[in-house]
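Secondary and tertiary structure notes
Here is how the chains run, residue by residue.
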Amino acid sequence: MRNLKRHDTSDILIHWFNAASWLVLLITGLGLIKNDRLNPLGAWFPDALRALFGGGSAGGAVLLVIHEVAGVLWVLGILAYVLVNARGAKFFLKEIFSVRPGDFLWLIRKMGRMTLGIGGELPPQGYYNMGQKAFAQASVAGGAAIVLTGAVLLLSDKMLPASATVFVGWAVTLHYLAVGLVFAGLLVHIYMAAISPEEKPGFRSMFTGVVPEDYARHHHGIWVESLGEGDKADPGAP
Ligand code: HEM
């Protein structure tokens, strides 16, 4: 059976770099919320994490530095990807923001199938299905909001007194809201991508870069139809 190329090495590297950055930023970010009324996990989590880095306010300061450095590296990594593979970045943005007429029906039927076991034939999908597009849109918009609000917080922490920025209160609120939005989508994304048996070839493609042609035809028919014979050549073939 023939394989089709789905991801470049740079796509795979940026995806896993992004996932690792999210993990570090989420853990350190939750550890920074030292307010019992705000921390979703309660006080034990920030206390335990701070204890790991020296305890008390010194531990909190180390956690903040790790969070800030990871945030800056995350942005630099994404910029490096855009420089190395501008075509890939452009293709990704174009695909996720192009919604076709059958896409909404696909989403409703897919949810019906997964929750109630009802729903008709799924309309054919392009490079991404509508569920993937919705998550990708949320992560791009949410990611931009997280970076912009994070930059305001970093500046107010390092260069300006907090009182000098009228934006700080809004920046904190929007930072939390954007993380919450992307995190909600992430739970579904990880389930669909790594746990759901139907999507296993898609999961493997995030390491190998290729998917079997029959899987691609079944899940991303419009994409396969749009490929020329040259694009379809088995990348593993001699
Ligand atoms: C354990 C963690 C993760 C796993 C197992 C995972 C898995 C995958 C897989 C298999 C794909 C390829 C889907 C395809 O080409 O058909 C993918 C795509 C993608 N991933 Fe992840 N991912 C993880 C974490 C993340 C994180 C943290 C983010 C960002 C917040 C993210 C954002 C994306 C985006 C935007 C795409 C492209 C659109 C999509 O397929 O939904 N992923 N992921």
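Going by the structure above, here's the rest.
The structure reproduced in this document is the subject of the present report.

1. With respect to the coordination of the iron atom of the ligand
For the iron atom of the ligand, the protein coordination sphere consists of H15 (NE2) and H189 (NE2), at 2.0 Å. With six donor atoms in place around the iron atom of the ligand and angles of 85 to 180° between them, the coordination shape is octahedral. One end of the pair, H15, is in helix α1 (residues 9-32); the other, H189, is in helix α7 (residues 168-195), and 174 residues separate them in sequence. Judged by relative accessible area, which is 23%, H15 ranks as partly exposed.

2. Some words on a nonpolar patch on the surface
Together, F17, V65, V69, V72, L73, L76 and L79 make up an exposed nonpolar region whose accessible area comes to about 590 Å². Considering each element in turn, the nonpolar patch owes the most residues, six residues, to helix α3 (residues 56-84). Residue placement: V69 occurs in helix α3.

3. Focus: the packing of aromatic side chains
Applying the stated criterion across every chain, the model contains eight aromatic pairs. Between F92 and Y128, the aromatic rings sit 6.1 Å apart at their centres with planes inclined by 90°, giving edge-to-face as the arrangement. Taken together, the residues span a long stretch of sequence, with F92 in helix α4 (residues 86-96) and Y128 in the loop between α5 (103-115) and α6 (130-158) at a distance of 36 residues. Between the aromatic rings of F203 and F207, the centroid separation amounts to 5.4 Å while the plane-to-plane angle is 85°, which identifies the pairing as edge-to-face.

4. Some remarks on α1
Its 24 residues give α1 an end-to-end C-alpha distance of 34 Å, which sits within 8% of 34 Å, the value for a rise of 1.5 Å per residue. Every buried residue belonging to α1 is among S10, D11, I12, I14, S21, W22, L25, T28, G29 and G31, and all of these are buried. Residues of α1 that are buried sit in contact with α2 (44-52), α3, α6, α7 and α8 (200-208).

5. Let's talk about the environment of I96
The topology assignment puts I96 in helix α4. For I96, a relative accessible area of 0% gives the class buried. Separated by 33 residues in sequence, I96 and N129 have C-alpha atoms that sit 9.0 Å apart. Not counting chain neighbours up to four residues away, the residues in contact with I96 comprise Y128, K133, A136, Q137 and V140.

6. With respect to the nonpolar core
Counting eleven residues, the largest nonpolar core is built from L4, I96, Y127, Y128, A136, V211, Y215, A216, W223, V224 and L227. Other than its neighbours up to four places away in sequence, A216 contacts L4, V211, G221, W223 and V224. Membership of the second largest hydrophobic core comes to nine residues, among which are W22, A70, I146 and A178.

7. Quick word on the environment of A141
Topologically, A141 is positioned in helix α6. Once the C-alpha coordinates of A141 and A178 are considered, the two residues, 37 residues apart in sequence, prove to be 8.4 Å apart.

8. Looking at the pattern of salt bridges
Tallied over the entire structure, the rule returns seven salt bridges. A salt bridge links D8 to K5; the shortest N-O distance between them is 2.4 Å. In this structure K5 comes out as partly exposed when scored by relative accessible area, which is 42%. Across the pair K110 and E198 runs a salt bridge, and its minimum N-O distance is 3.7 Å. Placement of K110 in helix α5 and of E198 in the loop between α7 and α8 is noted, with a sequence separation of 88 residues between them. Owing to a relative accessible area of 9%, K110 belongs among the buried residues under this scheme. Look at E198 and you get partly exposed, because its relative accessible area is 45%. Among the charged side chains, a network of salt bridges with common partners joins R2, E213, R217 and E225.

Rules used throughout
- Residues numbered from 1 in each chain as written.
- Predicted model: local features only at pLDDT ≥ 70, side-chain atom pairs only at ≥ 80, totals over all residues.
- Heavy atoms only, no water.
- Donors = N, O, S within 2.8 Å, 3.2 Å for Na, K, Ca; no water.
- Tetrahedral: all angles 85-135°; square planar, octahedral: opposite > 155°, others 65-115°.
- Helix = DSSP H or I, 4+ residues; strand = E, 2+ residues; numbered from the N terminus.
- Buried < 20%, exposed > 50% of the residue type's maximum accessible area, 1.4 Å probe, protein only.
- Patch = residues over 30% accessible without salt bridge, like charges linked within 9 Å, V, L, I, M, F, W, Y side chains within 5 Å.
- Areas by Shrake-Rupley, 256 points an atom, 1.4 Å probe, with all protein chains shown as cover.
- Salt bridge = Lys/Arg side-chain N within 4 Å of Asp/Glu carboxyl O.
- Phe/Tyr/Trp six-rings, centres within 6.5 Å; stacked < 30°, edge-to-face > 60°.
- Expected span 1.5 Å × (residues − 1).
- Contact = heavy atoms within 4.5 Å.
- Core = buried A, V, L, I, M, F, W, Y, C linked by side-chain atoms within 4.5 Å.

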